[in-house]
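Secondary and tertiary structure notes
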Amino acid sequence: MKRDPTSFLKEEYDALVDSNLEWIIRHLETGSKPHAMVDGREVLMLNTNNYLGLATHPKIVKAMIDAANKYGAGAGAVPVIAGTFDLTKEFQKKFAEYKGVEASLLCQTGFAVNQGVIPTLIDADDYVISDSLNHGSIIDGVRLTKATRGVYDHNDVSVLETELKKADDAGARRILVITDGVFSMDGDIAPLPDIVKACEPYGAMIFVDDCHGEGVLGGGRGIVAHFDLQHKVHVEGGSMSKGFGVFGGSVAGSEDLISFVKNKSRSYLLSTAHPPAVVAACIAAVEIAATEPEHNKSLWNNTNYFKKEVQDLGYNTGNSATPIIPLIVGDPGKAQKLAERLFKQENIFATPIVFPMVARELSRIRVQMNALLSKDDLDYAIAALKKIGNELEII
Ligand SMILES: *Cc1c(COP(=O)(O)O)cnc(C)c1O
């Protein structure tokens, strides 16, 4: 048979467009901050993970420029071949101190952490148990293992207990339980104290991916610090690209964990290290998060104010317990219309989230709070949501 090697590209893309599932990528003409130029218009951005507003913090930008001047642009190779910068060592020490753990490792991205670390921790004789709403990068990391897989209903510790028992009865050598700290579509958080309690009798290893919790929960130290569970959670995965406003991934935990991961994680071993300017910016971001609590405070003040106001308007914010605030409207067409009218009529940039990212009947726009939003900004957004919500008969 002679195949058409590439005809599927256009066919599958066209099918996405026909079902309204195409991603439209807009273009930023300024830095990512609440007032930004996007596709030629000045908009209020309500859809970034830059929770603390650090992406444009002058001290971080300066650290980046200074490091580029001193060290140049690129890292040259993967760390195990040609070394890592003294900056990286400094970051890892500072970040571990900030998190209240023994050691940390700067990795390429949060995504690379899950791809690289999960398959090193478990193998064919083991069992991995994952929350049903875990991030796609966790799902992919789990797919790379030969371990037996179990899934528990979202945040349902009683199902987790059943899975733990199953793994134990099957004689698993190791059991790994893995969950997001903050779930990115709903802004709810994992019931970590109950998960720790359920895992303890089995000696199960616990991995929390706290990409949306760092900079946000626990005064910025993340969900483990929020629940005071340091040393009871064995692996913390994180991202420097969200609350810290820069770029990169992190692993935090014991010295033993970090030595192990450094020598075994394929994404760490086989992918080039960060440019030195990025590492310097990550150091500055952690220093700011540790010494300037006002950013975290402002983020939560904005979160509490905005969430209460939109709830009073009649919006369904689901189980949000963080600065991720979904406005669940149900119908996917309505969610898309709401986002489109906010952008075109009100210059507000908020993103519709529809199937397959969430169930069809739970379509929404997802709003994310930011420390740099002023009360005027929030009131402007609330008034716009009232007007368009009424027009579209959402509220
Ligand atoms: C964003 C995110 C990631 C990926 O992190 P990056 O640093 O952007 O690659 C991984 N896990 C979760 C839970 C996330 O929200």
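So, how was this worked out
Residues numbered from 1 in each chain as written. Predicted model: local features only at pLDDT ≥ 70, side-chain atom pairs only at ≥ 80, totals over all residues. Heavy atoms only, no water. Domains from an automatic or database assignment. Contact = heavy atoms within 4.5 Å. Buried area = accessible area lost by both parts, 1.4 Å probe. Salt bridge = Lys/Arg side-chain N within 4 Å of Asp/Glu carboxyl O. Near = heavy atom within 4 Å. Polar contact = N/O pair within 3.5 Å; in protein donor to acceptor, adjacent residues only side chain to side chain. Areas by Shrake-Rupley, 256 points an atom, 1.4 Å probe, with all protein chains shown as cover. Helix = DSSP H or I, 4+ residues; strand = E, 2+ residues; numbered from the N terminus. Nonpolar A, V, L, I, M, F, W, Y, C, P; charged D, E, K, R; others polar. Expected span 1.5 Å × (residues − 1). Buried < 20%, exposed > 50% of the residue type's maximum accessible area, 1.4 Å probe, protein only. Arc of directions from axis to C-beta. Pairing = 2+ DSSP bridges. Axes fitted to C-alpha atoms, helices over the stretch in contact; angles between N-to-C directions. Core = buried A, V, L, I, M, F, W, Y, C linked by side-chain atoms within 4.5 Å.

**Concerning the domain arrangement of the protein chain**
- Annotation of the protein chain at the domain level lists domain 1 (26–56 + 293–391) and domain 2 (58–291).
- Spacing between the C-alpha centres of domain 1 and domain 2 amounts to 27 Å.
- With 25 residues of domain 1 at the contact, the number on the domain 2 side is 24 residues.
- Of the roughly 1900 Å² buried between domain 1 and domain 2 on both sides combined, carbon and sulfur atoms contribute 61%.
- At the boundary of domain 1 with domain 2, the tally comes to 1 salt bridge.
- Ionic pairing is found between arginine 364 and aspartate 186, a salt bridge with its closest N-O pair at 3.0 Å.

**Looking at the site of the ligand**
- Taken together, 14 residues form the shell around the ligand, and within it Gly110, Asp209, His212, Ser239 and Lys242 come nearest.
- One nitrogen or oxygen atom from the side chain of histidine 135 is found 3.4 Å from a nitrogen atom belonging to the ligand.
- Contact between the ligand and histidine 212: an oxygen atom at 3.2 Å from a side-chain N or O atom of the residue.
- For the ligand, whose accessible area on its own is 380 Å², the fraction buried by protein is 87%.
- Residue contributions to the shell around the ligand peak at 3 residues, all from helix H5 (residues 110–121).
- Of the residues that constitute the shell around the ligand, the class distribution is 2 nonpolar, 9 polar and 3 charged.

**Digging into helix H15 (residues 375–391)**
- Along its 17 residues, H15 runs 24 Å from first to last C-alpha, staying within 8% of the 24 Å computed at 1.5 Å per residue.
- For H15, the complete set of buried residues consists of Asp377, Leu378, Ala381, Ile382, Ala384, Leu385, Ile388 and Gly389. Buried residues of H15 fall within an arc of 165 degrees about the axis and therefore sit on the same side.
- Remark: glutamate 393 follows H15 within two positions and exhibits a positive phi of approximately 55 degrees.

**Focus: the sheet that holds strand S10 (residues 324–330)**
- The sheet built from 3 strands is open, its strands ordered S10-S13-S12 with antiparallel pairing. Strands with a single pairing partner mark the edges of an open sheet, and in this sheet they are S10 and strand S12 (351–353). Geometrically, the sheet is characterised by an average inter-axis angle of 30 degrees between neighbouring strands, direction not taken into account.
- Bridge count for S12 against strand S13 (residues 363–368) is 3 bridges, and the pairing is antiparallel. Looking at the pairing, threonine 351 lines up with arginine 366 of S13.
- Running at roughly 35 degrees to S13, helix H14 (residues 332–346) makes contact with S10, S12 and S13 of the sheet.

**Some words on the pattern of salt bridges**
- Applying the stated criterion across every chain, the model contains 20 salt bridges.
- A salt bridge links lysine 93 to glutamate 97; the nearest nitrogen and oxygen atoms lie 3.2 Å apart. Within this pair, lysine 93 and its partner glutamate 97 are both found in helix H4 (residues 86–99), separated by 4 residues, close to a single helical turn.
- Its relative accessible area of 57% is what places lysine 93 among the exposed residues.
- Among the ionic pairs, lysine 308 bridges to aspartate 312, the shortest N-O distance being 2.7 Å. One end of the pair is lysine 308 and the other is aspartate 312, both in helix H13 (residues 294–313) and 4 residues apart, which spans about a single turn.
- Since its relative accessible area comes to 54%, aspartate 312 is described here as exposed.
- By sharing partners, the salt bridges in this structure join Glu90, Lys94 and Glu287 into a single network.

**Notes on the nonpolar core**
- Counting residues in hydrophobic clusters, the biggest one holds 88 residues, and the most contacted among them are Val177, Phe306 and Leu338.
- The leading source of residues in this core is helix H12 (residues 276–291), at 11 residues.
- Both domains that meet at this core, namely domain 1 (26–56 + 293–391) and domain 2 (58–291), each give it at least three residues.
- When neighbours within four sequence positions are excluded, leucine 338 is seen to be in contact with Tyr315, Val329, Ile365, Leu385, Ile388, Leu392 and Ile394.

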